[in-house]
Amino acid sequence: MINNISSSMQMPQQRTGQSLTEDQQSILSETLSQYDAENLSESDALNIVETLSQAGIQPSGAMEKAMSDLGFDAKSIGDIANVSEDGNRPPPPPKQSTEEITSMVDYLAELMEEKLAASSSNELSDEDKESILTQVYQKFDIEDGESIINTTA
């Protein structure tokens, strides 16, 4: 969902020398691996921009190249996310409340206990895990590919 990011983030005119740290490269790679560069939604682009911003990854030639190497166009992502020329970004997506997270954790625990009680094993099978995940996605109206819990600060 993210292969069109290299030039999309409309960066300030200074795109010199700022290289990415190993951690930033890892964050960039992990973030982009969650998306299809050919099918990015506005929400996807906003999430990418926010994640990179929180990781301290500033628009630069190094970022554009790293994104391009991963099959994404930074400019396209910036365009989709409506990042302006001066680098102003749209507001981040709303954060989850503690109540929402607690509710989800309680539901997960309940489902896991039920599956373990119904089996003769102390471990969940891959099928059980998939079933639990599907039930959580349905109960909390989470779309496929979305993270269960928003971990951004």
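Conventions adopted
- Residues numbered from 1 in each chain as written.
- Predicted model: local features only at pLDDT ≥ 70, side-chain atom pairs only at ≥ 80, totals over all residues.
- Heavy atoms only, no water.
- Helix = DSSP H or I, 4+ residues; strand = E, 2+ residues; numbered from the N terminus.
- Buried < 20%, exposed > 50% of the residue type's maximum accessible area, 1.4 Å probe, protein only.
- Polar contact = N/O pair within 3.5 Å; in protein donor to acceptor, adjacent residues only side chain to side chain.
- Contact = heavy atoms within 4.5 Å.
- Salt bridge = Lys/Arg side-chain N within 4 Å of Asp/Glu carboxyl O.

Asks: Teacher, can you tell me more about the side chain of Q24 here?
Replies: Mapped onto the elements of the fold, Q24 is located in helix 1 (residues 22-32). Judged by relative accessible area, which is 14%, Q24 ranks as buried. At a separation of 3.0 Å, a polar atom in the side chain of Q24 contacts the main-chain carbonyl oxygen of G56. Filtering out sequence-adjacent residues up to four positions away, Q24 remains in contact with S19, A55, G56 and I57.

Asks: Would you mind showing me how to read the environment of S131 here?
Replies: Note on placement: S131 falls in helix 6 (residues 126-139). In this structure the C-alpha to C-alpha distance between S131 and L111, which are 20 residues apart in sequence, comes to 9.3 Å.

Asks: It is not clear to me how the pattern of salt bridges should be interpreted in this structure. Could you clarify?
Replies: Where charged atoms from two side chains of opposite charge come close, those side chains can pair. Tallied over the full model, the rule gives two salt bridges. A salt bridge links D69 to K65; the nearest nitrogen and oxygen atoms lie 3.0 Å apart. Here K65 and D69 lie together in helix 3 (residues 61-69), a separation of four residues that amounts to about one turn. In terms of burial, D69 and K65 fall into one category: exposed. Here K75 and D79 are joined by a salt bridge, their closest N and O atoms 3.4 Å apart.

Asks: I tried to follow unusual backbone geometry on my own but got confused; where do I start?
Replies: Most peptide bonds take the trans configuration, and most residues that are not glycine carry a negative phi. Despite not being glycine, D141 has its phi angle at roughly 50°, a positive value. With respect to the helices, strands and loops of the structure, D141 is situated in the segment after helix 6.

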